Amino acid sequence: MQQIRLFVLYLTLLGPIEALAQEVGQPLPVWQAGELDIHHINTGQGNASFIIFPEGTTLLVDAGAINSMDWRTNKPRNIPTRPTNDRQAGEWIAHYVRNTLRFDTNPTIDYAIITHFHDDHMGTPLNVTKRSAGGYVLTGITEVGEFIPIRKILDRGWPDYKYPRPMTADTMVSNYRRFLDWQIQHKALRVERFQAGRSDQIVSVKPTGVREKYPFTFTNLAVNGQVWTGKGSNTWSAFPDLITLQPAVYPNENMCSIVFQLRYGSFDYFSGGDIQGVLQFGEPAWHDIETPISTVVKPVDVQLLDHHGYGDSQNGTLLASLRPRICIIPAWHATHPAPEVLERIFSGQTYRGDRDAFATNLLEEAKTAIHDFLPRLKSTSGHVVVRVDPGGATYRVFVLDDTNESFNIKAMYGPYASQ
Ligand SMILES: [Zn+2]
């Protein structure tokens, strides 16, 4: 009897039935107002992070689709799509977003950011036959937009797509621009260039009364080599003036990535696209864009690793500034993450304290290469979800099954206290 009474009390304290399901083997409970959700969706095809801000505004950061073909060489990469090869990554991402927004009768992506113009972040049209009514190829972000309305897209090139050189010959960007034009005309899509130094480009879309209840800040740290100074909306250029450079040594696509930090209460999150910070092959010093960015970041609770944890990323200066408690590795290639990157992450010399690392899609080749560090990774495959509690003081990390669409919890960690 006493046990039954206690159980009833337990149910009463827990509230809605869905809250009960926060356990391994059960689907992740639906998002509740006040929570900040950051879903790192694993399709095996590149980056896709879906964020629900605590008042309900939604943001998709990237929608990769390499389609198992290397756009540089047109050769197969033989990386299977998760959960299956029956659909393309863009459609799986759309499914994931729809399921996450199942509380909403009219699911919408309020903002989408394309950090830079590579296939594993936006989708390649190479060897894809699916087309929309608008004539463009459906891949990555253009396919997501086929299934869910996107209200506004921010990227590094709008409206002329000319930095550092005109992108007219790029089939990925051309296809994407056909998608933008058609969506602007037929679906009232708005497009903006992401500008460093601003904190008013990603804001609440909810009405007054709702938005004040759970305030968050989203700071644009860098794009195209323009880096926020930390004061007002001022920026400086970490890249030399193009006039002084030969076109062959212009900034590369990765270095131009969109970089941002978001804050909810005392919780902080950093995402740097594919920026690099470790010089290779005699590169000039300005190719290290992580070091300039490290001067304006605050320590964070969670970092999405730069450039998938490839060997040219995550330098010691940035790590010492960010001091992430949680590192999320958006891995999809045999070189993700590099053993030396894990060495830096787990080194007690860069910063003190515990740290947990989660990988979304570690390939077998990568497991061999990072063998010694493997036991230290909390996950090697799955959707990695950071769920921040109302107010931002605590958060949890969930690893969800990516082999089917159950979204069942494989493992959960925390609660962690925001620093
Ligand atoms: Zn990438």
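That block above? That's the structure.
Keep in mind that what you see is a predicted model, and the values were worked out from it rather than measured. (Residues numbered from 1 in each chain as written. Predicted model: local features only at pLDDT ≥ 70, side-chain atom pairs only at ≥ 80, totals over all residues. Heavy atoms only, no water.)

(A) Region of the structure containing the nonpolar core. Grouped together as the largest cluster of nonpolar side chains are 39 residues, with contacts concentrated most on Leu60, Ile109, Ile141, Ile150, Ile153 and Tyr176. Those elements giving two or more residues to this core turn out to be strand E2 (49-52), helix H3 (89-100), strand E4 (109-113), helix H5 (141-147), strand E5 (150-155), helix H6 (171-187) and strand E17 (394-400). Tallying contributions element by element places H6 first for this core, with 5 residues. When sequence neighbours within four positions are dropped, the list of residues in contact with leucine 60 reads Ser49, Phe50, Ile93, Ile109, Tyr111, Ala112, Ile113, Ile141 and Val144. Among the nonpolar cores identified, the runner-up in size contains 35 residues, and Tyr269, Val302, Leu304 and Phe358 belong to it. (Core = buried A, V, L, I, M, F, W, Y, C linked by side-chain atoms within 4.5 Å. Buried < 20%, exposed > 50% of the residue type's maximum accessible area, 1.4 Å probe, protein only. Helix = DSSP H or I, 4+ residues; strand = E, 2+ residues; numbered from the N terminus. Contact = heavy atoms within 4.5 Å.)

(B) Structural detail: the sheet that holds strand E15 (residues 377-379). Across the sheet, which stays open at both edges, the 9 strands sit in the order E9-E8-E7-E10-E11-E12-E13-E14-E15 with mixed pairing between neighbours. This sheet does not close on itself; its edge strands, each paired only once, are strand E9 (235-237) and E15. Neighbouring strand axes in the sheet, compared pairwise and without regard to direction, differ in orientation by 25° on average. Two elements, strand E7 (residues 217-223) and strand E8 (residues 226-228), share 2 bridges in a ladder whose sense is antiparallel. Counted as the bridge partner of valine 223 is glutamine 226 from E8. (Pairing = 2+ DSSP bridges. Axes fitted to C-alpha atoms, helices over the stretch in contact; angles between N-to-C directions.)

(C) How the structure looks around the coordination of the zinc ion. Of the protein atoms, only Asp120 (OD), His121 (NE2), Asp274 (OD) and His308 (NE2) coordinate the zinc ion, at distances of 2.0 to 2.1 Å. Its 4 donor atoms give the zinc ion angles of 87 to 159° at the centre, a pattern that matches the irregular case. In primary-sequence terms, the residues that donate to the zinc ion follow D-H-x152-D-x33-H. In this pair, aspartate 120 is assigned in helix H4 (residues 119-122) and aspartate 274 in the loop between strand E11 (267-271) and helix H7 (290-294), connecting sequence segments 154 residues apart. Accessibility assignment for this pair places aspartate 120 and aspartate 274 in one class, buried. (Donors = N, O, S within 2.8 Å, 3.2 Å for Na, K, Ca; no water. Tetrahedral: all angles 85-135°; square planar, octahedral: opposite > 155°, others 65-115°.)

(D) Geometry of the environment of alanine 112. Structurally, alanine 112 can be placed in strand E4. A C-alpha to C-alpha distance of 4.6 Å links alanine 112 and leucine 60, two positions 52 residues apart in sequence. The contact partners of alanine 112, leaving out residues within four places of it in the chain, are Leu59, Leu60, Ile141, Ile150, Lys152, Ile153 and Leu154.

(E) A look at the pattern of salt bridges. The tally for this structure, following the rule as stated, stands at 15 salt bridges. With its nearest N and O atoms 2.8 Å apart, the salt bridge here joins arginine 387 to aspartate 37. Taken together, the residues span a long stretch of sequence, with arginine 387 in strand E16 (residues 383-388) and aspartate 37 in strand E1 (residues 36-40) at a distance of 350 residues. For the pair shown, arginine 387 and aspartate 37 are each scored as buried. Between arginine 396 and aspartate 389 there is a salt bridge, with its nearest N and O atoms 3.0 Å apart. According to the relative accessible area criterion, arginine 396 is partly exposed, its value standing at 23%. Counted as one network, the salt bridges with shared partners bring together Arg87, Glu91, Lys130 and Glu143. (Salt bridge = Lys/Arg side-chain N within 4 Å of Asp/Glu carboxyl O.)

(F) Quick look at unusual backbone geometry. For the bond running from arginine 82 to proline 83, omega is -5°, close enough to zero to count as cis. Mapped onto the elements, proline 83 comes out in the loop between strand E3 (58-61) and H3. Phi is positive for tyrosine 161, which is not a glycine, with a value near 50°. Mapped onto the fold, tyrosine 161 is located in the loop between E5 and H6.

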